[in-house]
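This is what each chain is made of:
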Amino acid sequence: MSNILEVKNITKIYPGVVALNRVSMDVREGEVHALIGENGAGKSTLIKVITGAIEPNDGEIVYGGKSYSKMSPELSRQLGIEAIYQEFNLAPAVSVAENIYIGSKVNDGAVIDYKKLYSEAAKVLDNFTVEISPKSLVKDLTVAYMQLVEIAKAIARNARLIIMDEPTAPLTEDEVGNLFEIIKELKKQGVSVIYISHRLDELFAVSDRVTVMRDGEVIVTKDTKDFNKEQLIYHMVGRGLNETFPERNVTYGEPVLEVKELCGNGVAPVSFTLRKGEVLGLAGLVGAGRTELVRLIFGADPKDGGKIFIEGKETAINKPQDAVRSGIGLVSEDRKAQGVFLRMSIKTNITVTILEKLAKWGVINRRAENDCAVEYREALNIKTPSLEQLAGNLSGGNQQKVALAKWLASKSKVLILDEPTRGIDVGAKQEIYQLINRLAEEGLGIIVISSEMEEILGITDRLLILSEGRLSGTLMKEEYSQTTVLKYASGEQ
């Protein structure tokens, strides 16, 4: 089997940082080549070199037998290289069909033939089991559906090499299985895939070979069948790591949050109670209403009815500011768009929710601000050389810790975590799990949404399961099983 891509001795140096150090790897025609490593290992930098988003300082790229010292976005696309990044590259104000064929020509005339455009887009979307209308505006889609549009866009462009960066992060198990079938079909057509994921189980299901990176270097490349999970983790982090979930010593306090007949935003009336020290999970398929429910609680979307009580007292929450003042914090599933301010410093991100408390006569006490940021950097083990560094320069795991820190600084009583480990590596996941445990032990009430079945079963004490906007089931820890969760998630009673 011949190679479609070879990178040879690729080096990329930023001031004070060697992002890639003489990296070499190859991708064969029609293979799925997994690329793994912790956040900061150099994976994203390497794929940006391959797609021409950044220029290497040294090295060679060989594609289709032809050598290049560097790529450009235009050249890589002409050669049939497409990348699906964690950060979506979509135009939110236009339709799904227009996004799929943006930059492509689907008719010969000067005027767009929308009938043909929608028809062609529908054919691509038929690859997925979920229904997405070609006419829907992207801004009205959930994060999971946006990810599927990105995949559809790459398929529509007849790419010969598709780079998938955490493509399953927002997907349910059924949708992941569907994606794997699509990848298998692409392989049959001779399309190659570079597959980046922190979900190690996926690699054994979908990939032919694995390359492990650490600290900007390639550590090892072997056939996937020659690895086991423990070996992969060892190569990634340079040490052994227990990937099981930490034990929970559950001691519940009084109710901290009570939701009574809350409805709106596609959610039917829902009632539940969250106690201090409890980790409550929200499970369900994509579109079940999990995120919509917590947005109602946080005041991010208007509610049609229902009441919210904090520590037994009815609280009017009509906007996020009301929720923050009431002691509710929400870490969004879309970390980069809603969780952190990428172009602001880590210090500003941590203290943004308490600026009023840090200010006197409109002037911020900079010493108090710095002390607060230092406290939470140390408490959450945020890895950064300086609190003045932009949050956008941090790894995914450290960005998630910053998003958590701002709500801890505001002394939240209720913490809502929507996909808290999406797109972060196995080591950072363990730190997040330990942190959730610690915060619960300190008396916070925590609500967790996760599309990873193992995770939602492993870190929670109780599950609320939603189906089509309705509460379809409630399970205590001793009742947990994947079969039971999926039964309720599919709407069976």
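Up top is the structure.
Residues numbered from 1 in each chain as written. Predicted model: local features only at pLDDT ≥ 70, side-chain atom pairs only at ≥ 80, totals over all residues. Heavy atoms only, no water.

(A) Region of interest: the nonpolar core. Counting 74 residues, the largest nonpolar core has Leu-257, Phe-272 and Ile-446 as the members making the most contacts within it. Setting aside residues up to four positions removed in sequence, Ile-446 forms contacts with Leu-274, Glu-278, Val-279, Leu-280, Leu-415, Leu-417, Ile-436, Leu-439 and Ala-440. Ranked by size, the runner-up nonpolar core spans 53 residues in total, among them Leu-141, Ala-152, Leu-200 and Phe-227. (Core = buried A, V, L, I, M, F, W, Y, C linked by side-chain atoms within 4.5 Å. Buried < 20%, exposed > 50% of the residue type's maximum accessible area, 1.4 Å probe, protein only. Contact = heavy atoms within 4.5 Å.)

(B) Representation of the packing of helix α15 (residues 396-409) against helix α16 (residues 426-441) in the model. Packing of α15 against α16 brings their axes to within 10 Å, and their N-to-C directions diverge by 15°. The angle between α15 and α16 falls in the class roughly parallel. Seen from above, α15 lies across α16 with left-handed handedness. The residues of α16 that touch α15, namely those facing Gly-397, Gln-400, Lys-401, Leu-404 and Leu-408, are Ala-428, Glu-431, Ile-432, Leu-435 and Leu-439. (Axes fitted to C-alpha atoms, helices over the stretch in contact; angles between N-to-C directions. Helix = DSSP H or I, 4+ residues; strand = E, 2+ residues; numbered from the N terminus. Parallel < 35°, antiparallel > 145°, perpendicular 65-115°, else oblique. Left-handed = near helix turned anticlockwise from the far one by under 90°.)

(C) Up close: the environment of Asp-226. Within the fold, Asp-226 resides in the loop between β10 (217-223) and α8 (229-237). Judged by its relative accessible area of 40%, Asp-226 falls in the partly exposed class.

(D) Expanded view of the sheet that holds strand β21 (residues 462-467). As summarised here, the arrangement of the six strands in space is β16-β19-β20-β13-β21-β22, forming an open sheet in which the pairing is mixed. Where the open sheet ends on each side, the last strands, each with one partner, are β16 (328-331) and β22 (470-476). Between one strand axis and the next, the sheet turns through 20° on average, direction left out of account. Alignment of strand β13 (residues 279-283) against β21, held across four bridges, turns out to be parallel. Residue pairing for β21: Leu-280 is matched across the bridge by Arg-462. Seen against the sheet, helix α9 (residues 290-298) touches β13, β16, β19 (414-418), β20 (445-449) and β21 and runs at an angle of roughly 145° to β16. Here helix α18 (residues 482-489) sits on the sheet and contacts β13, β21 and β22; the angle it forms with β21, its principal contact strand, is near 35°. (Pairing = 2+ DSSP bridges.)

(E) Inspection of the pattern of salt bridges at higher detail. The full count for this structure, using the stated rule, is 26 salt bridges. A salt bridge links Glu-82 to Arg-157; the shortest N-O distance between them is 3.3 Å. Of this pair, Glu-82 sits in strand β6 (residues 81-84) while Arg-157 sits in the loop between α5 (143-156) and β7 (161-165), placing them 75 residues apart in sequence. Looking at Arg-157, the relative accessible area reads 19%, which means it is buried. We note a salt bridge from Arg-325 to Asp-322, for which the minimum N-O separation is 3.7 Å. Within this pair, Arg-325 and its partner Asp-322 are both found in helix α10 (residues 320-326), separated by three residues, close to a single helical turn. Note on Asp-322: relative accessible area 12%, which makes it buried. Taken together, the salt bridges that share partners define one network made up of Arg-199, Glu-202, Lys-429 and Glu-452. (Salt bridge = Lys/Arg side-chain N within 4 Å of Asp/Glu carboxyl O.)

(F) Seen up close, the sheet that holds strand β12 (residues 267-275). Spatially, four strands are ordered β12-β11-β14-β15 in an open sheet, and the strand pairing comes out antiparallel. The sheet is open, and its two borders are formed by β12 and β15 (313-314), each paired with just one other strand. Judged from the five bridges that link them, strand β11 (residues 255-264) and strand β14 (residues 305-310) form a sheet pairing that is antiparallel. Each bridged residue has a counterpart across the sheet, and for Glu-258 the counterpart in β14 is Phe-309. Relative to β11, α9 is tilted by about 110°, and along the sheet it contacts β11, β12 and β14.

(G) Looking closely at the packing of aromatic side chains. Tallied over the entire structure, the rule returns four aromatic pairs. Residues Phe-245 and Tyr-433 carry aromatic rings whose centres are separated by 5.1 Å and whose planes lie at 55° to one another, so their mutual orientation is tilted. Of the two residues, Phe-245 is situated in the loop between α8 and β11 and Tyr-433 in helix α16; the sequence distance between them amounts to 188 residues. Relative accessible area serves as the criterion here: at 25%, Phe-245 is assigned to the partly exposed category. Tyr-433 sits in the buried class, given a relative accessible area of 5%. Centroid distance Phe-298 to Trp-407: 5.8 Å. Interplanar angle 85°. Geometry classified as edge-to-face. Of this pair, Phe-298 sits in helix α9 while Trp-407 sits in helix α15; the two residues are 109 residues apart in sequence, bridging distant segments of the chain. Each of the two residues, Phe-298 as well as Trp-407, counts as buried. Its end group placed over the ring of Phe-309, Lys-260 keeps NZ or CZ at 4.8 Å from the ring centre. Over the face of the ring belonging to Tyr-488 we find Lys-487, whose NZ or CZ atom lies 5.1 Å from the ring centre. (Phe/Tyr/Trp six-rings, centres within 6.5 Å; stacked < 30°, edge-to-face > 60°. Lys NZ or Arg CZ within 6 Å of the ring centre and 35° of its normal.)

(H) Spatial organisation of the side chain of Asn-349. One can find Asn-349 in helix α12 (residues 346-351). Judged by relative accessible area, Asn-349 falls into the buried class, the value being 1%. When residues no more than four places from it in sequence are discounted, the contact partners of Asn-349 are Val-340, Phe-341, Met-344, Ala-391, Val-402 and Lys-406.

(I) Layout of helix α14 (residues 366-379). For α14, spanning 14 residues, the distance from its first C-alpha to its last is 20 Å, which sits close to the expected 20 Å at 1.5 Å a residue. Of the positions making up α14, those classed as buried are Glu-369, Cys-372, Ala-373 and Tyr-376. Relative to the axis of α14, the buried residues are bounded by an arc of 95° and lie together on one face. In α14, the exposed positions angled more than 90 degrees off the buried face are occupied by Arg-367 and Glu-378. Taking the backbone nitrogen of Arg-367 as reference, a side-chain oxygen 3.1 Å away marks Asn-365 as the first, capping residue of α14. Directly after α14, the chain includes Asn-381, whose backbone phi takes a positive value near 55°. (Expected span 1.5 Å × (residues − 1). Arc of directions from axis to C-beta. Polar contact = N/O pair within 3.5 Å; in protein donor to acceptor, adjacent residues only side chain to side chain.)

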